[in-house]
Amino acid sequence: MLEDFRLIVDLVSILAAAAVGGIIAGLAKQPALLGYIVGGAIVGPTGLGLIKELIQVETLAQFGAAFLLFALGVEFSFSELRKVQKISLGGGGLQILLTILVTTLVSISVGWVSTPQQGVFLGAILSLSSTAVVLKSLMESNETATPHGQVMLGILVVQDLALGLMLAVLPALDRPPAEIGIAVLYAVIKIGLFALGATATGIWVIPRLLRLLASTESRELFLLGIVTLCLGIALITEHLGLSIEMGAFVAGLMISEAEYADQTLAYVEPIRDVFAALFFAAIGMLIDPLFLWNNLDLILGLVSIVFIGKFAIITPLVKLFGYPLQTALIAGLGLAQIGEFSFVLASEGRNLGLVSKRVYLLLLGTTAVTLVVTPFILRLIPSLFNWIETVPALNRWFQPGEPPLEVSEHVPLEPPIVICGYGRTGQNLATLLAEQKVPVVVVDQSEAAIQQLREAGTPYIYGNAVSIPVLTRAGLDRARAMVIALPDAMSTRLCLKHALEISPDLDIVVRANQYQDIELLYQLGGSEVVQPEFEASLEMASHLFVKIGLPTVQIQRQVTSVRNSHYMKLRPEGTIGQVSQDIRAATLGMNRRWYRLSLTSPLLGNSIASANIRTLTGATIVAIQRENGTQIDYPNGGTTFQLGDSCLVIGSVEEQTVFDRLTKGELTIPVLPILEIELISEAVVEK
């Protein structure tokens, strides 16, 4: 009983440390998982030593990785896997083989290991990246559905599959090649048979089981059945010599195609978050601060070698599979760490005598440091591309290439409506417009989406929607309107900006994935910005108002009022007072600069509309600081420039240069007719 109570005390201690660490990390604007890791290191055996039942806590922490992978499987689905199957299987497999080969050659040549088998073992450890850390970081930044997010998750899935193969081969690593080949063949057969069994179960058993659980109309029973299914399949994979985490991921995939997938995810998420905190805290407990300090130079050198080496392998591979350089760089930086499952390999290798205790501790320290550094790197990526944009020699490598090679045969002769992004929103819009015989052109760079468009006979452009040549091929210069429904904020902003460069007066409807992006998208030129969650609230409220008998005119007036206020009534309390903070956060990853207007600036006395800023320069003014300290956030077309104003401007290096020349009087502001100025101002104000 005392031992059981000791375990309870340990769990409370480590969860409390993780919670405090997560709160501090949140206040410091850092990912919560960093706080979990640091909290675990503080209360762990090499820190304050508060945790006594270390093995039991680490065992429970495995549930965190299992539930993380289970939730990923439910969200990812087989259809998502097919979108990135080439880079997943081809790129992921090549990345593992190249990492093992390079590590073996380098480690033998510099004397880190004495045998090729040890080199292969070291390469296997380094080849794995962290599914849990990368997934958590992508979820926190809402980037799991982005091209680079899909690429990283696809490669990570293959790495997790390879873990089972590595564990099977490890005991035979110091034996003759024939025995190694037999071990590999046996492992492949096991994985293949398990995959067939999982597929059959997912098709014929899982849907019936979920319907049975749902028929009980008991949340507790449904959750209990789901957790049992997840952990049961995880135990099967562990018994087969694969990993618990791999089994949990497969269990999620089996559920992903069933009708109760969304309900399953909603029920499991709270459990996932609690055990994930425990998992990352357990990783922190493995960190020995004293050993890290005594070997700091060596570990920092190893961390640098790992990051540079994996980045140099992954980035060219992603580019080789046809992805843009930006996607390749983000994937290379995001997967450059050593994964948490490498702890399992390192521990097994130490038991088999493949590494000494010192090398084992160095591996643990290096792995832990790379895991801690990874969220920082992913957070700094927008700033990195912001800096690249300011260096012309580098920026030209990131400019969009030639127009896409594949354009559908039937391009509408009439001015079309261009839809950028063929996710659920894009598909629904295309269907509704087709019913009304409205010509559309869809732009997407997903092969799966393009295949659906081919089968449906919908005109399409196969390419990146942020590319100016791609948008030009879509007929944007003659389009009636445009819809932007892309999965990530960065691509949405770039697509909107480039579209207005082609057609400055185009009517553009933009989907804002987060409410913080609404004002910025309006300021960048969006005619209408739609936030799905707020729109769902309006539709449900309208239905309820009709039910209780409110007049239709009154309902429409209220809905219109909310939309005209940019959903301000529906935003979290305190949003209005934090607009200045939001604008700085929203433009953090963009090229921005403050300009102070001089006494001789021709902008003085002009409004934003009469100066025609966006048409002349391409840049956007997102804030104006008055001389008396008053700040105007998201100024509209009627805002007039005054003496002493400072303008926060976002735009490319060239656009910033043109705006600077405009403020200095080196460019002439064309005189617009009074009526045109008034119309522009009124149109902007109405937004």
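See the structure above.
This is a predicted model, so every value here is computed, not measured. (Residues numbered from 1 in each chain as written. Predicted model: local features only at pLDDT ≥ 70, side-chain atom pairs only at ≥ 80, totals over all residues. Heavy atoms only, no water.)

### A look at the overall build of the chain
Here comes step 1: The number of helices and strands found in the chain is 30 helices and 10 strands.
Here comes step 2: Put simply, 72% of the contacts in the chain that link residues at least 6 apart link residues at least 24 apart.
Here comes step 3: When the accessible surface of the chain is totalled, it reaches about 32500 Å², and 63% of it is carbon and sulfur. (Helix = DSSP H or I, 4+ residues; strand = E, 2+ residues; numbered from the N terminus. Contact = heavy atoms within 4.5 Å. Areas by Shrake-Rupley, 256 points an atom, 1.4 Å probe, with all protein chains shown as cover.)

### A closer look at the pairing of strand β8 (residues 620-625)
Here comes step 1: Burial analysis of β8 places 5 of its 6 residues in the buried class, the great majority of the element.
Here comes step 2: Alignment of β8 against strand β10 (residues 646-650), held across 5 bridges, turns out to be antiparallel. Considered in β10, the bridge of A623 is made with L648.
Here comes step 3: Two strands pair when backbone bridges link them, and β8 and strand β9 (residues 631-633) are joined in this way by 3 bridges, in the antiparallel orientation. Among the inter-strand pairings, I624 is bridged to a residue of β9, identified as I632.
Here comes step 4: The loop that links β8 with its antiparallel partner β9 comprises 5 residues; one of these, G629, has a positive phi angle of about 100 degrees. (Buried < 20%, exposed > 50% of the residue type's maximum accessible area, 1.4 Å probe, protein only. Pairing = 2+ DSSP bridges.)

### Digging into unusual backbone geometry
Here comes step 1: Even without a glycine there, the phi angle at E217 is positive, about 55 degrees.
Here comes step 2: Topologically, E217 is positioned in the loop between α9 (206-215) and α10 (219-239).
Here comes step 3: Overall, the relative accessible area of 75% leaves E217 in the exposed class.
Here comes step 4: Unlike most non-glycine residues, K437 shows phi in positive territory, near 60 degrees.
Here comes step 5: Mapped onto the fold, K437 is located in the loop between α19 (424-435) and β2 (440-444).
Here comes step 6: For K437, a relative accessible area of 71% gives the class exposed.

### Considerations on the pattern of salt bridges
Here comes step 1: Inspection of the entire model under this criterion finds 8 salt bridges.
Here comes step 2: A salt bridge links K497 to E501, with the shortest nitrogen-to-oxygen separation between them at 3.5 Å. Of this pair, K497 and E501 both sit in helix α22 (residues 489-502), 4 residues apart, roughly one helical turn.
Here comes step 3: K497 gets classed as buried once you look at its relative accessible area, which sits at 14%. (Salt bridge = Lys/Arg side-chain N within 4 Å of Asp/Glu carboxyl O.)

### Observations regarding the sheet that holds strand β5 (residues 508-511)
Here comes step 1: As summarised here, the arrangement of the 6 strands in space is β3-β2-β1-β4-β5-β6, forming an open sheet in which the pairing is parallel. Two strands close off the open sheet at either side, each with one partner strand: β3 (460-462) and β6 (528-530). When strand polarity is set aside, the average angle formed by the axes of neighbouring strands in this sheet is 15 degrees.
Here comes step 2: When strand β4 (residues 481-484) meets β5, the two strands line up parallel, connected through 3 bridges. Looking at β5, one finds that I484 is bridged to V510.
Here comes step 3: The strands touched by α22 are β1 (417-420), β4 and β5; relative to β5, the strand with the most contacts, the crossing angle is about 175 degrees. (Axes fitted to C-alpha atoms, helices over the stretch in contact; angles between N-to-C directions.)

### Concerning a nonpolar patch on the surface
Here comes step 1: A cluster of nonpolar side chains, V102, V106, V110, W112 and I305, forms an exposed patch at the surface whose accessible area comes to about 430 Å².
Here comes step 2: Looking at where I305 falls in the secondary structure, it is placed in helix α14 (residues 296-320).
Here comes step 3: For I305, a relative accessible area of 48% translates into the label partly exposed. (Patch = residues over 30% accessible without salt bridge, like charges linked within 9 Å, V, L, I, M, F, W, Y side chains within 5 Å.)

### Let's talk about the pairing of β10
Each regular strand displays side chains that alternate between the two surfaces of the sheet.
Here comes step 1: Among the 5 residues that make up β10, 5 are buried, leaving the element largely enclosed by the rest of the structure.
Here comes step 2: The two faces of β10 match: S646, L648 and I650 on one face and C647 and V649 on the other face are all buried.
Here comes step 3: Bridging between strand β7 (residues 592-596) and β10 involves 5 bridges; their strand directions are antiparallel. Bridging across to β10, W594 finds its partner in L648.

### Regarding the packing of aromatic side chains
Here comes step 1: One pass over the structure, following the stated rule, counts 7 aromatic pairs.
Here comes step 2: Taken together, a centroid distance of 5.4 Å and an interplanar angle of 85 degrees make the contact between F222 and Y267 edge-to-face. Remark: Y267 occurs in helix α12 (residues 261-285) and F222 occurs in helix α10; sequence separation between them is 45 residues. As far as burial versus exposure is concerned, F222 and Y267 are alike and both buried.
Here comes step 3: When the centroid spacing of 5.2 Å and the interplanar angle of 40 degrees are considered together, the rings of F534 and Y567 count as tilted. (Phe/Tyr/Trp six-rings, centres within 6.5 Å; stacked < 30°, edge-to-face > 60°.)

What is shown is where atoms sit, not what they do.
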